[in-house]
Amino acid sequence: MNLNLTLKLNILNLYCSKPTGVDLLISLSVLHNPSYRPQFCSNILGRLFTHTFYPQNRSHINHTHRRWKMGTAVLDSPKLSPEHGEKGGAATVGPKELDAGALFVLKSRGTWLQCGYHLTTAIVAPALLSLPFAFALLGWAGGVLSLALAGLVTFYSYNLLSLVLEHHAALGKRQLRFRDMAHDVLGPGWGRYFVGPLQLGICYGAVIACTLLGGQSLKYIYLVARPNGSMELYHFVVIFGGLTLVMAQMPSFHSLRHINLISLLLCLAYCACTTAGAIYVGYSKNAPPRDYSITGVGINTVFGAFNAFSIIATTYGNGIIPEIQATIAPPVTGKMFKGLLVCYAVVISTFFSVAISGYWAFGNQSQQSVLSNFMVNNHPLLPKWFLLMTNVFTLVQVSAVVLVYMQPTNVVIERAFADPKKDQFSVRNVVPRLIFRSLSIVLATTLAAMLPFFGDIMALFGAFGCIPLDFILPMVFYNLTFKPSRKGLVYWGNTIIAVLSTVLALVGAVASVRQMILDAKTYRLFANM
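None of the values given here were measured: they were computed from a predicted structure.

The rules behind these values
What you see as residue numbers is a count from 1 along each chain, following the sequence as written. Two thresholds apply to this predicted model, a pLDDT of at least 70 for residue-level local features and 80 or more for giving and counting side-chain atom pairs, whereas whole-chain, interface and lining totals are computed over all residues. With hydrogens and water stripped out, all remaining heavy atoms of the structure feed into the side-chain values. Strands here are runs of E lasting at least two residues and helices are runs of H or I lasting at least four, both read from the DSSP assignment and numbered beginning at the N terminus. Each residue is placed in one exposure class: buried if its accessible area under a 1.4 Å probe, protein chains only, is under 20% of its type's maximum, exposed if it is over 50%, and partly exposed if it falls in between. It only takes one pair of heavy atoms within 4.5 Å for two residues to be counted as in contact. The Shrake-Rupley method, run with a 1.4 Å probe, gives the accessible areas here. Residue values count only the displayed protein chains as cover. Salt bridge, as used here, is a side-chain nitrogen of Lys or Arg placed within 4 Å of a carboxyl oxygen of Asp or Glu. Multiplying 1.5 Å by the helix residue count minus one yields the expected span of that helix. Two N or O atoms form a polar contact when they lie within 3.5 Å of each other; inside protein one atom must be a possible hydrogen donor and the other a possible acceptor, and for residues adjacent in sequence the pair counts only when both atoms belong to side chains. Disulfides are defined as cysteine sulfur pairs within 2.5 Å. For Phe, Tyr and Trp, rings pair up if their centres lie within 6.5 Å, where Trp contributes its six-membered ring, and each pair is then called stacked (planes under 30 degrees apart), edge-to-face (over 60) or tilted (otherwise). Put simply, a charge is over a ring when the Lys NZ or the Arg CZ is close to the ring centre, within 6 Å, and near the line of the ring normal, within 35 degrees. Residues belong to a common nonpolar core when they are buried Ala, Val, Leu, Ile, Met, Phe, Trp, Tyr or Cys residues joined through side-chain atoms within 4.5 Å. Each residue gets a pLDDT score, which is the predictor's confidence in that residue and runs from 0 to 100. An axis is simply a line fitted to the C-alpha atoms; with a helix, the fit covers only the stretch in contact. Between two such axes, the angle follows the N-to-C directions and lies from 0 to 180 degrees. Relative orientations are named as follows: roughly parallel for angles under 35 degrees, roughly antiparallel for angles over 145 degrees, roughly perpendicular for angles from 65 to 115 degrees, and oblique for any other angle. It is the rotation of the near helix from the far one that decides the hand of a crossing: anticlockwise by less than a right angle makes it left-handed, clockwise makes it right-handed. Three residue categories are used. Nonpolar comprises Ala, Val, Leu, Ile, Met, Phe, Trp, Tyr, Cys and Pro, charged comprises Asp, Glu, Lys and Arg, and polar comprises the others, including Gly.

Draft legend 1. Broad picture of the overall build of the protein. A count of helices and strands for the protein gives 19 helices and two strands. Taking all 529 residues of the protein together, the buried fraction comes to 54%. In the protein, the proportion of contacts linking residues at least 24 apart, taken out of those at least 6 apart, comes to 79%. Taken as a whole, the protein presents about 23,100 Å² of accessible surface, with 69% of it coming from carbon and sulfur.

Draft legend 2. Quick look at the pattern of salt bridges. Under the defined criterion, the tally for this structure stands at four salt bridges. One salt-bridge network, held together by shared partners, links Asp-99, Arg-177 and Asp-180.

Draft legend 3. Representation of helix H12 (residues 299–316) within the structure. Taking 1.5 Å of rise per residue, 18 residues should cover 26 Å, and H12 covers 26 Å from first to last C-alpha, within 8% of that figure. Among the residues of H12, those classed as buried are Phe-303, Gly-304, Ala-305, Asn-307, Ala-308, Ser-310, Ile-311, Ile-312, Ala-313, Thr-314, Thr-315 and Tyr-316.

Draft legend 4. Looking closely at unusual backbone geometry. That bond from Pro-330 to Pro-331 is cis: its omega, -5°, falls within 30 degrees of zero. You can see Pro-331 is positioned in the loop between helix H13 (321–325) and helix H14 (335–362). One non-glycine residue, Lys-483, lies in the positive phi region at around 50°. When you line up the elements, Lys-483 lands in the loop between helix H18 (454–482) and helix H19 (489–520). By relative accessible area, Lys-483 is classed as exposed at 63%.

Draft legend 5. Molecular detail of the side chain of Ser-108. Residue placement: Ser-108 occurs in the loop between helix H5 (100–105) and helix H6 (112–123). In this structure the side chain of Ser-108 is engaged in a polar contact, spanning 2.6 Å, whose partner is the backbone oxygen of Ala-326.

Draft legend 6. Spatial organisation of the state of the cysteines. For the coordinates displayed, the defined rule picks out zero disulfides. Here Cys-267 is not disulfide-linked; the sulfur of Cys-271 is the nearest cysteine sulfur, at 5.9 Å.

Draft legend 7. Geometry of the packing of aromatic side chains. Applying the stated rule across the entire model yields 18 aromatic pairs. With a centroid separation of 4.8 Å and 70° between ring planes, the pair formed by Trp-140 and Tyr-359 is classed as edge-to-face. You can see Trp-140 sitting in helix H7 (residues 131–170) and its partner Tyr-359 sitting in helix H14, a full 219 residues away along the chain. Overall, Trp-140 belongs to the partly exposed group, its relative accessible area being 31%. Ring pairs connect the aromatic residues Phe-135, Trp-140, Tyr-292 and Tyr-359, which therefore count as one cluster. Directly above the aromatic system of Trp-360 lies the positively charged group of Arg-290, at a separation of 4.6 Å from the ring centroid.

Draft legend 8. Looking closely at helix H17 (residues 427–450). Over its 24 residues, H17 runs 35 Å from end to end, which matches the ideal 34 Å to within 8%, given 1.5 Å per residue. All of the buried residues along H17 are Asn-429, Pro-432, Arg-433, Arg-437, Ser-438, Ser-440, Ile-441, Ala-444, Thr-445, Ala-448 and Ala-449. In this structure, the buried residues of H17 make contact with H5, helix H9 (188–225), helix H10 (233–247) and helix H16 (407–417).

Draft legend 9. Spatial organisation of the nonpolar core. Counting 121 residues, the largest nonpolar core has Leu-128, Phe-351, Phe-374 and Phe-477 as the members making the most contacts within it. The element that contributes the greatest number of residues to this core is H9, accounting for 17 residues. Not counting chain neighbours up to four residues away, the residues in contact with Leu-128 comprise Tyr-270, Cys-271, Thr-315, Thr-350, Phe-351 and Val-354.

Draft legend 10. The arrangement of the environment of Gly-241 in detail. Secondary-structure assignment places Gly-241 in helix H10. Among the residues examined, Gly-241 registers a relative accessible area of 5% and is labelled buried. Sequence-distant contacts of Gly-241, defined by excluding residues within four places in its chain, comprise Ile-441 and Thr-445.

Draft legend 11. Fine view of the side chain of His-168. Assignment of secondary structure puts His-168 in helix H7. Given the relative accessible area of 14%, His-168 is considered buried. Setting aside residues no more than four positions away along its own chain, His-168 makes contact with Lys-173, Arg-174, Gln-175, Asp-184, Val-185 and Thr-481.

Draft legend 12. Region of interest: the environment of Ala-498. As for its placement among the helices and strands, Ala-498 is situated in helix H19. By relative accessible area, which is 11% here, Ala-498 ends up buried. Sequence spacing of Ala-498 and Leu-473 is 25 residues, and the spatial spacing of their C-alpha atoms is 7.6 Å. Excluding its chain neighbours within four sequence positions, the residues that come into contact with Ala-498 are Phe-471, Ile-472 and Met-475.

Draft legend 13. Seen up close, the confidence of the model for the protein. When pLDDT is averaged across the protein, the result is 80; 79% of the residues are at 70 or more. Note on residues 1–96: pLDDT is under 50 here. Beyond four places in sequence and across chains, it has 118 contacts.

Draft legend 14. Focus on the environment of Leu-268. Positionally, Leu-268 belongs in helix H11 (residues 257–283). Remark: the alpha-carbon pair of Leu-268 and Ser-349, spanning 81 residues in sequence, is separated by 8.3 Å. Excluding residues that lie within four positions of it along the chain, Leu-268 makes contacts with Val-346, Ser-349 and Thr-350.

Draft legend 15. Fine view of the packing of H7 against helix H8 (residues 178–185). Two numbers describe how H7 lies on H8: the axes approach to 12 Å, and their chain directions differ by 70°. As the angle between them shows, H7 and H8 are arranged roughly perpendicular. Two packed elements cross with a definite hand, and for H7 against H8 that hand is left-handed. Taken together, the residues of H8 that come into contact with H7 (itself represented by Leu-161, Val-164, Leu-165 and His-168) are Phe-178, Met-181, Asp-184 and Val-185. A per-class count over the contact of H7 with H8 returns six nonpolar, one polar and one charged.

Structure below.
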């Protein structure tokens, strides 16, 4: 701690508590330095006068002292600002920086357990049903190793982000958004022109992809019930979009806590069903021939591997760690780590079970969603009731995922069109919220119906967005904030992860775009896939 901050802490301690002889010796020791003498002499004497002659003011002073000990009071520095909204506001930055997006959407009321629900919904989503397809591009060794390494790196990187957020919160400036972190750590331009738009694009892309997956789940249920039905995929995408249109009006991230608890239970349910179904099919007499060799030769194999890396990175991707941590009521220290433990307990039990069982049962014939392997020529390999149950679980859970990834868009909408001086549920704020949230869902639904290339979209999102947000920026933020020794393992470990992830992102982006171009030759807009 530098001299300036140490002296200010001593003085603040003297101001906020009844002074003792030790306090006087520590605080008055600064008077030998002329640069501090004018600033503090009158304040010390004034505080001593207050304690001596106006004891009725001590309760307010002691309350301030207690808040300072909890890390919520603000030091005498223009760079720091007090938290606000302890009764449901957005405990965040100072009043001058208050906006409706933070105040209405990112309310800091939740517990660490509810934070775990949000994290689990954001990470353990139906995108994990693409993991057997990624294994088919990598083989057994490459698939298991990549899945394990990605899990370790993301758990580590999310903890680094949490530590940076807790550090700034302890200094009195709690950051609620990814762009706020980039603004304070990298500079205003990085937050406004790079990290903010990147996060918004990735999260909205996830909304599009999940809307497409919801339509595919509805179509799957329809085909199980009516194998010769005439409805096409885009019909079901529109139906799912209508459901999302209603649910998107949930006012804040914190209001999703009960939905996300149900989402956690549902993801455990459909992953257990998928694993059991794959094992059943693998041992049945109708089991497809299994081939675990990697398809493709030469450059196709290389691009396929990088495409698989992007899919795995996207499956672990989050991109909204600051927004999730913003839902936690202060003080926040240590709570995010507990939430991550809850989340990764579910991650380990679901990701590996689905990936390994699906690849074991179907080998290199694993499709972009392993549920599609349970149907061959519109004939189910499992009992119809079992398939219907699995897809209903998936359908309901993916609707919760859409709501979670809508939150950055909701923040932008509220910030642009809501009035923070009015009540959140006033007509002035409810009408714009209803209109613009509905328009965002309509646009996402239209794009999902037009571009039914789910696996390719997931890979592209992973390369362009999830890898930078989840694998690169956490390392950079930590190194710049805490400045670990350049001779230490932490600094070089973070640097190596960031560099390798950058290379992976660049090559993975090329591989993903290449795959989309190849698929575009066979698919058309509004294709019935």
